[in-house]
Amino acid sequence: MTDLTPPAKRPAIPRFSSGPCAKIPGYSLDLLADTPLGRSHRAAIGKAKLKEAIDLTREILGVPADYRVGIVPASDTGAVEMALWSLLGARPVEMLAWESFGEGWVTDVVKQLKLDATVRKAPYGQIVDFAQVDFDKDVVFTWNGTTSGVRLPNGDAIPASRQGLTICDATSAAFAMDLPWDKLDVTTFSWQKVLGGEGAHGMLVLSPRAVERLESYTPAWPLPKIFRLTAKGKLIEGIFAGETINTPSMLANEDYLVALHWAKSVGGLKGLIARATANAQVVHDFCAAHPWIANLAEDPATASTTSVCLKFTDPRITDGEAFAKAVAKRIEKAGAGFDLGAYRDAPPGLRIWCGSTVETADVQALMPWIDWAFHAEIAALAHAA
């Protein structure tokens, strides 16, 4: 498209934010009518609703029966922090980072907990070499880099015979990617990503090895109440049965339940993975057909199927950040796509959420708008010169 005529068709739902993410297809607030508003989360109905959310999460994700699944405060961030503060310090630690949130966990462990951790980093577009990682140490990593669009392709490099724990931030991977539970000891995610739920609540999944660590190890630092997973040396089992540490939002929980039931209706985990994969493929195909844009992920095997990050490669672009922001702004002003800008710490470009709640037809409808906005901004550069 070089005549700068805007495309005739817009996405029916132009919401491509990487968090909070698009709601499920056909979403309406009427779906929340069964919320027990004004009731205690400690009442039987409240505990039953929270337990249902836990049970459906386990069922859809295929979490093993001997793993604990709990709802915790403060979204994925809270879940990760609980794991770091409660479990680390018993063994040496390796921190793996290839994007902004992984870098944040490095900061917490090295500067706040002050552990002498081995830190392995990779630049945006790459992941660290897992063959170099010592899994006899506790290893902390993100499965999918939400801000880099780069993911771990599988868990093959994680040995079954590891001595350390694996602590995995899987917030933009859970429900859209196949997580190998036998390779993960602590897994965290939030409701607001792949299933398009509301923020403020996190999920914490613990393997039996992680539970054993919690019950046999006491950190050297004090733990605030909101982080405490044990009492008198034993796991607080109620957390993993719907008895949350602090007051949850029953409205947000109901919203999550609606999304979980929708997930079952589209084929469960297999159907969710297929939806995200199809969405991402549309973007990958677009990049392959247009030489001025590319996936930030350098290896297609590690390219995300949820937070797809793109970079502009045209040599006429002299200020990449300004150009990318102008493209995103032009598309948003046309009502064709919202929240497409790259994360603030990431390289300049676009970030398109392709998670399972997004319809493939909407991703397809977005692509001509990127083409149009790119050429409009290139023309603006030529005019300015």
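Residues numbered from 1 in each chain as written. Predicted model: local features only at pLDDT ≥ 70, side-chain atom pairs only at ≥ 80, totals over all residues. Heavy atoms only, no water.

*Asks:* Is there a simple way to think about the sheet that holds strand β2 (residues 93–97) in this case?
*Replies:* Consider a sheet: its strands pair through backbone hydrogen bonds, and that pairing is either parallel or antiparallel. Pairing in this open sheet of 7 strands is mixed, and the strands run β1-β9-β8-β7-β4-β2-β3 from one edge to the other. Every other strand in the sheet has two partners, leaving β1 (68–73) and β3 (118–121) as the edge strands with one partner each. Between one strand and the next, the sheet's axes are offset by a mean angle of 15 degrees, whatever the strand orientation. Note: β2 against β3, 4 bridges, orientation parallel. Following the sheet pairing, L96 is matched in β3 by R120. Packed on one face of the sheet, helix α3 (residues 100–112) meets β2, β3, β4 (138–142) and β7 (166–169) and runs near 150 degrees to β2. (Pairing = 2+ DSSP bridges. Helix = DSSP H or I, 4+ residues; strand = E, 2+ residues; numbered from the N terminus. Axes fitted to C-alpha atoms, helices over the stretch in contact; angles between N-to-C directions. Contact = heavy atoms within 4.5 Å.)

*Asks:* Looking at this structure, I do not really get the nonpolar core. What am I missing?
*Replies:* One recurring pattern in soluble globular proteins: nonpolar side chains tend to sit buried together. If you look at the biggest cluster of nonpolar residues, it comprises 91 residues, and the most contacted ones within it are F141, W143, F175, F312, I352 and I370. With residues up to four places along the chain from it excluded, the contact list for F312 reads W292, I293, I317, F323, A324, V327, L350 and F374. Among the nonpolar cores identified, the runner-up in size contains 35 residues, and A83, L88, L204 and L206 belong to it. (Core = buried A, V, L, I, M, F, W, Y, C linked by side-chain atoms within 4.5 Å. Buried < 20%, exposed > 50% of the residue type's maximum accessible area, 1.4 Å probe, protein only.)

*Asks:* Explain the layout of surface pockets here, please?
*Replies:* Empty space among the atoms becomes apparent when a probe as large as a water molecule is rolled across them. When its volume is computed, the largest pocket comes out at roughly 350 Å³. The wall of the largest pocket is formed by 25 residues, among which S18, F101, T146, Q192 and K193 lie closest to the centre. Those elements that provide at least two residues to the lining of the largest pocket are α2 (75–87) and α3. Here the element with the most residues in the lining of the largest pocket is α2; it accounts for 3 residues. Here the residues of the lining of the largest pocket are counted per class, giving 5 nonpolar, 13 polar and 7 charged. The volume enclosed by the second largest pocket comes to roughly 250 Å³. Together, 16 residues line the second largest pocket, and Y217, T218, P219, L223 and T230 are the ones closest to its centre. (1 Å grid on protein atoms, 1.4 Å probe; cavity = no way out; pocket = protein on both sides within 12 Å on 5 of 7 lines; lining within 4 Å. Points joined across faces, edges and corners; volume = space filled by probe spheres on them. Nonpolar A, V, L, I, M, F, W, Y, C, P; charged D, E, K, R; others polar.)

*Asks:* Please clarify how unusual backbone geometry should be interpreted in this entry.
*Replies:* Note on backbone geometry: most residues besides glycine have negative phi, and most peptide bonds are trans. Following G19, the chain continues to P20 via a peptide bond in cis, the omega torsion being -5 degrees. Mapped onto the elements of the fold, P20 is located in the segment before α1 (44–61). Although it is not a glycine, A74 sits at a positive phi angle of roughly 70 degrees. Relative to the elements of secondary structure, A74 occurs in the loop between β1 and α2.

*Asks:* What is the right way to look at the state of the cysteines in this model?
*Replies:* A disulfide bridge is the covalent bond that connects two cysteines by way of their sulfur atoms. What the rule picks out here adds up to 0 disulfides. Left without a disulfide partner, C21 is nearest to the cysteine sulfur of C354, which lies 11 Å away. Here C354 is not disulfide-linked; the sulfur of C309 is the nearest cysteine sulfur, at 10.0 Å. Judged by relative accessible area, which is 0%, C354 ranks as buried. (Disulfide = S-S within 2.5 Å.)

*Asks:* Just checking my understanding: could you explain empty space enclosed by the protein for this structure?
*Replies:* Within the structure shown, the criterion is met by 3 cavities of 30 Å³ or more. One number sums up the size of the largest cavity: a volume of about 60 Å³. Forming the walls of the largest cavity are I13, R15, A22, K23, P25, T357, V358, E359 and D362. Roughly 40 Å³ of internal volume is contained in the second largest cavity. What lines the second largest cavity is simply T147, L296, C309, L310, A342, A346, P347, P348, G349 and L350.

*Asks:* What's the story with the environment of A252 in this structure? I'm lost.
*Replies:* Relative to the helices and strands, A252 resides in helix α5 (residues 250–265). We classify A252 as buried; its relative accessible area is 9%. As for A252 and L50, which are separated by 202 residues in sequence, their C-alpha atoms are 10 Å apart. For A252, the residues in contact, after removing those within four places along its chain, are W191, E198 and H201.

*Asks:* Just checking my understanding: could you explain the pairing of β2 for this structure?
*Replies:* Residues in a regular strand project their side chains so that they alternate between the two faces of the sheet. Most of β2 sits out of view: 5 of its 5 residues are buried. Alternating positions in β2 separate into two faces, V93, M95 and A97 on one and E94 and L96 on the other, with burial throughout. Sheet topology note: the β2/β4 ladder contains 3 bridges and is parallel. Counterpart to V93 in the pairing with β4 is D138.

*Asks:* Before we go on, may I ask you to explain the packing of helix α7 (residues 320–333) against helix α8 (residues 360–384) in this structure?
*Replies:* Packed helix pairs are characterised by how far apart their axes lie and by the angle those axes make with each other. Packing of α7 against α8 brings their axes to within 9 Å, and their N-to-C directions diverge by 125 degrees. Relative to α8, the element α7 is oriented oblique. As α7 runs across α8, the sense of the crossing is right-handed. Of the residues in α8, those in contact with F323, A326, V327, R330 and I331 of α7 are L366, W369, I370, W372, A373, F374, A376, E377, I378 and L381. (Parallel < 35°, antiparallel > 145°, perpendicular 65-115°, else oblique. Left-handed = near helix turned anticlockwise from the far one by under 90°.)

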